[in-house]
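These are the residues of each chain, in order.
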Amino acid sequence: MKRTLAFVLVAVLSMTALVAVSAQQKPVTIVHWYWADNPSYSAQMQKIAADFNATNGKGITVVAQEYPWDGGAYSETLFRAVMGGGGPDTSSFKLTSTPLFTANNLLVNLDEFLAKWKDKDKIDSSLYDTMRKASGTKSVYVMPWNTQILYVYYRPSLFKKAGVSVPKTYAEFLEACKKLTMDTNGDGKTDVYGFGMRGAKGGQEPWGSFIWARGGNFDNLTTPQAIQGMQDFIDLYKNGYAPPTAPMDGFQEIIANFKSGKTAMTIHHIGSSIGMVDTFGDDVAAFAFPGGVGRWTSMGDTENVILKSSKNREAAFEWLAYLATGKGQEAWCVATGNVPVSKDVQQLPFFQNNRFMKVSIEGAPYAGIFPILDTTTEWISTIWPNTVAAALTGKISAAEAMKQLQVGLWGK
Amino acid sequence: MQRKRFSPWPYLLIAPALIVIFAVVFFPVLNAIGMSLQSYDLRRPSQIRFTGLANYAAAMRDPLFWQALLKTVMWVGVGVGMQFVFGFMLALLLNRKFLGRGIVRSISLIPWVTPGVLIGLMWRWIFDGNYGVLNDLLLRLGLIHDKIPFLAQQSTAFPSVILTIIWQGIPFFALMLLAGLQGIPEELYDAANVDGANAVQRFFLVTVPSLKNTIFVTTLLRIIWVANSVDVIFNLTEGGPAYSTQTLSVYVFNKGNTLNLGYASTMAILLALALALVAVPYLKTLFKAQEEAK
């Protein structure tokens, strides 16, 4: 009898184990959406997905699908897809879109996953706090991935030619914009503009530094300090220290202008550093946007989320974890130069010895984000570029522009 | 008197077409009307509720709406008007016999068969203030001394997008009018010659009246298409700088993109009504002329 019982027990246990193993290894496909700034980053993401597929050992296959960033319209594309009943299991994400997605109940709450995740502490707890704050709840809905801190790229050779040293204060920065605007061939026309201004979508990030440098902030854009910051921005354009195309210049244009030598300085994050070095070698360097009365630079952030429509959330979290603290984190940040969120990856020599990473880290203490409101996406995509273009071209004054921006962002 | 027997066949045969039309035209229209009467903003889903005509009242108070409406009138008036004039000229040219006419006819169709998105991107580079070929050309010809940021200043951005849409639409008019020209009986011109009509008189007294219906239909179609077009402007300027190229359809698109679907639907309906105000008298005139001709 005992032998029979033991046999039955062993058989049941074996079958349970077999079922568990087969369930664990049941092939699962995760569709992941992402954007990439250039073809090389695109190839890198495909490689990361392929590596994950080959090594996860749990039968998870990630299909990485690329969608254009399109000056931020990516978030709206994702939103429409998910609201329409489609969309991916996981997606790259921007914190500013959190209210829109959580208000429509589209994101998976990650609290339970994080509670049992062994690598949770490899990411600074302040980042989780930022994620909670963005959702307006006590829960985390977005998984940290990497950050980008804006700083100023400059050409040392042009600085030397203009007799300018790296600005240490905001006033020196404005002066450098003036001095670096040069007629290099003596034909009476400007060949090099001091500052590569971004007036199209996305330009609010570098613009924010001007507002804070004069002592303003985003809580009230109509203070005299904030208006003065706007006036500085306008003056750079009106005085001819920025290209005449600035009101419509977006990411592609400011990078093209800098790389072609048309501008001596421009503001972007470390994601552009590899391309800059490819173009200029050692003749490109960076400095943190200098402080005036106040100091601020934009902390770009990129996270990943699991969409509520996903039927394979455990597998989806495995993939997100791989991107946050696994090999995917290192591979992506090394390839793109973005600042890793994993403390372990931050300590790697590549990041410790990178001159652009040093500037990013220097800017980190005063880096911030725009207020995350349900108006923010429209403010960024439509209101800011059109209002600033009106101000730059003299249609409205700095004070009028700031009033419109205040109403657009805060509603009053 | 024999009563006609009811036959369901005609209804059954047109039912598939009616169902499709209802699904892809009437249902979205009804849905848009419904949304226009609500505060349908997906950024604030908890606040979606019936608001009656509040969106329409808001549009009437919105200076951007009126600015966009004015831009739409200019966009359609100048754009379609110039397309017609140049299209007619091209049609008259292509109606003549000359060496290589077949090749010229094929080439002249290129702008029409090029997708709007591609046209927008292509002209964006042509107009580019730093590297654009138009600036280079004008500089080499000595017509300008400094490069012009065509799309970055309000005074030149709107003319630039209108120039683009004119370029795109000329072949459509040319093609349709050419077909009409080839249908005019030669006898009419012979009779006009016998009566001593000169070239201008032949054009206005024979050619134009003979093409009246074609002109009516093609112009109406282009007015509707151009008024509703988003692709060219969006890819050139996205409605900027400072809303200077934002037509009503682009404004609808931008609002829809920012998920304020209630307000976007309201403006879409107002645009449809504005187009109906043009189209209905236009069609009435056309049908009246056709009746008189019978």
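About the cut-offs
Residues numbered from 1 in each chain as written. Chains lettered and ligands numbered in written order. Predicted model: local features only at pLDDT ≥ 70, side-chain atom pairs only at ≥ 80, totals over all residues. Helix = DSSP H or I, 4+ residues; strand = E, 2+ residues; numbered from the N terminus. Buried ≥ 20, exposed ≤ 12 C-beta atoms within 10 Å, placed from the backbone. Contact = placed C-beta atoms within 7 Å. Rg over C-alpha atoms; globule rule 2.2 N^0.38 Å. pLDDT = per-residue confidence, 0-100. Expected span 1.5 Å × (residues − 1). Bend = angle between axes of the 7 residues up to and from the residue. Pairing = 2+ DSSP bridges. Right-handed = clockwise from strand over helix to strand, strands pointing away. Axes fitted to C-alpha atoms, helices over the stretch in contact; angles between N-to-C directions. Domains from an automatic or database assignment. Nonpolar A, V, L, I, M, F, W, Y, C, P; charged D, E, K, R; others polar. Parallel < 35°, antiparallel > 145°, perpendicular 65-115°, else oblique. Left-handed = near helix turned anticlockwise from the far one by under 90°. Core = buried A, V, L, I, M, F, W, Y, C linked by C-beta atoms within 7 Å.

## Quick word on the overall build of chain A
If you tally the helices and strands in chain A, you get 19 helices and 11 strands. Based on the C-alpha atoms only, the size of chain A along its principal axes is roughly 105 × 50 × 30 Å. Taken across its 412 residues, chain A has 49% of its residues classed as buried. Considering only residue pairs separated by 6 or more positions, chain A has 75% of its internal contacts joining residues 24 or more positions apart.

## Some details on the overall build of chain B
From N to C terminus, chain B includes 14 helices and zero strands. Counting from the amino terminus, chain B carries its helices and strands in the arrangement α-α-α-α-α-α-α-α-α-α-α-α-α-α. For 294 residues, the compact-globule formula gives about 19 Å, and the C-alpha radius of gyration of chain B, at 24 Å, lies well above that figure. Along the longest, intermediate and shortest principal axes, the C-alpha atoms of chain B span 85 × 75 × 30 Å. Each of the 294 residues in chain B was classed as buried or not, and the buried ones make up 32%. Put simply, 67% of the contacts in chain B that link residues at least 6 apart link residues at least 24 apart.

## Digging into the confidence of the model for chain B
On average, residues of chain B score 93 in pLDDT, and 98% of them reach the 70 mark or higher. Within chain B, the lowest mean pLDDT, 89, falls on helix α14 (residues 261–293) of chain B, and the highest, 97, falls on helix α2 (residues 54–61) of chain B.

## Digging into helix α8 (residues 154–182) of chain B
Between its terminal C-alpha atoms α8(B) stretches 43 Å, which fits the 42 Å expected from 29 residues at 1.5 Å a residue. Maximum bend of α8(B): about 30°, positioned at G169(B), with proline P171(B) one to four residues after it.

## Digging into the pairing of strand β1 (residues 28–34) of chain A
Residue and element names in this part refer to chain A. In terms of burial, β1 is a largely internal element, five of the seven residues being buried. Pairing of β1 with strand β2 (residues 60–66), which is carried by seven bridges, proceeds in the parallel orientation. Across the sheet, residue W33 finds its bridge partner in β2, namely Q65. With helix α2 (residues 39–55) bridging β1 and its parallel neighbour β2, the resulting β-α-β unit is right-handed.

## Regarding the sheet that holds strand β7 (residues 263–268) of chain A
Residue and element names in this part refer to chain A. An order of β6-β7-β5-β8 is seen for the four strands of this open sheet, with the pairing classed as mixed. Bordering the open sheet on either side are β6 (193–196) and β8 (285–287), each of which pairs with just one other strand. Neighbour to neighbour, the strand axes of the sheet diverge by 25° on average, direction disregarded. Sheet topology places β6 next to β7; three bridges connect them, and they run parallel. Opposite Y193, over in β7, you have T263 as the bridge partner. Across the sheet, helix α11 (residues 251–259) touches β5 (151–154), β6 and β7, and the angle it forms with β7 is around 145°.

## Digging into the environment of G71(A)
Residues and elements named next belong to chain A. For G71, the position within the fold is in the loop between β2 and α3 (73–83). Here G71 falls in the partly exposed class, since 17 other C-beta atoms lie within 10 Å of it. In this structure the C-alpha to C-alpha distance between G71 and F251, which are 180 residues apart in sequence, comes to 8.0 Å. If we skip the residues at most four places from it in the chain, G71 touches K201, G202, G250 and S381.

## Some details on the domain arrangement of chain A
Residue and element names in this part refer to chain A. Domain annotation for chain A reports domain 1 (29–147 + 300–364) and domain 2 (151–299 + 368–410). Contact residues are listed per partner, giving 27 residues for domain 1 and 26 residues for domain 2. Residue composition of the side of domain 1 that touches domain 2, by class: nine nonpolar, 14 polar and four charged.

## Some details on the packing of α2(A) against helix α14 (residues 327–336) of chain A
Residues and elements named next belong to chain A. Running from amino to carboxyl end, α2 crosses α14 at an angle of 165°, the nearest separation of the two axes being 10 Å. Considering the angle they form, α2 stands roughly antiparallel to α14. The handedness of the crossing between α2 and α14 is right-handed. Here Y41, Q44, I48, D51 and F52 of α2 come into contact with α14, specifically with K327, G328, A331, W332, A335 and T336.

## A look at unusual backbone geometry
A cis amide bond links G240(B) with the next residue in sequence, P241(B), at an omega value of -5°. Note on placement: P241(B) falls in the loop between α12 (231–236) and α13 (248–257). Positive phi is not limited to glycine here, since N105(A) has a value of about 55°. Residues other than glycine seldom take positive phi values, yet A242(B) does so here, at roughly 55°. Tracing the sequence through the fold places A242(B) in the loop between α12 and α13. Residue class for A242(B) comes out buried when judged on the 23 C-beta atoms lying within 10 Å of it.

## Brief notes about the pairing of strand β3 (residues 90–93) of chain A
Residues and elements named next belong to chain A. Bridge count for β1 against β3 is two bridges, and the pairing is parallel. Looking at the pairing, H32 lines up with T90 of β3. Pairing geometry for β3 and strand β9 (residues 297–306), over four bridges, is antiparallel. The residue bridging S92 from the neighbouring strand is N304, located in β9.

## Overview of the nonpolar core
M230(A), W319(A), L320(A) and M267(B) are the most contacted members of the largest nonpolar core, which totals 169 residues. It is α8(B) that contributes the most residues to this core, 12 residues altogether. Residue assignment places this core across two domains, with domain 1 (29–147 + 300–364) and domain 2 (151–299 + 368–410) of chain A each supplying three or more. The contact partners of W319(A), leaving out residues within four places of it in the chain, are I30(A), H32(A), F52(A), I60(A), V62(A) and T90(A).

## Remarks on the environment of W207(A)
All names here are of chain A. Along the chain, W207 turns up in helix α9 (residues 204–213). Exposure remark for W207: the 20 C-beta atoms within 10 Å place this residue in the buried category. In this structure the C-alpha to C-alpha distance between W207 and G229, which are 22 residues apart in sequence, comes to 8.5 Å. With sequence-adjacent residues up to four places away left out, W207 is seen in contact with F233 and V388.

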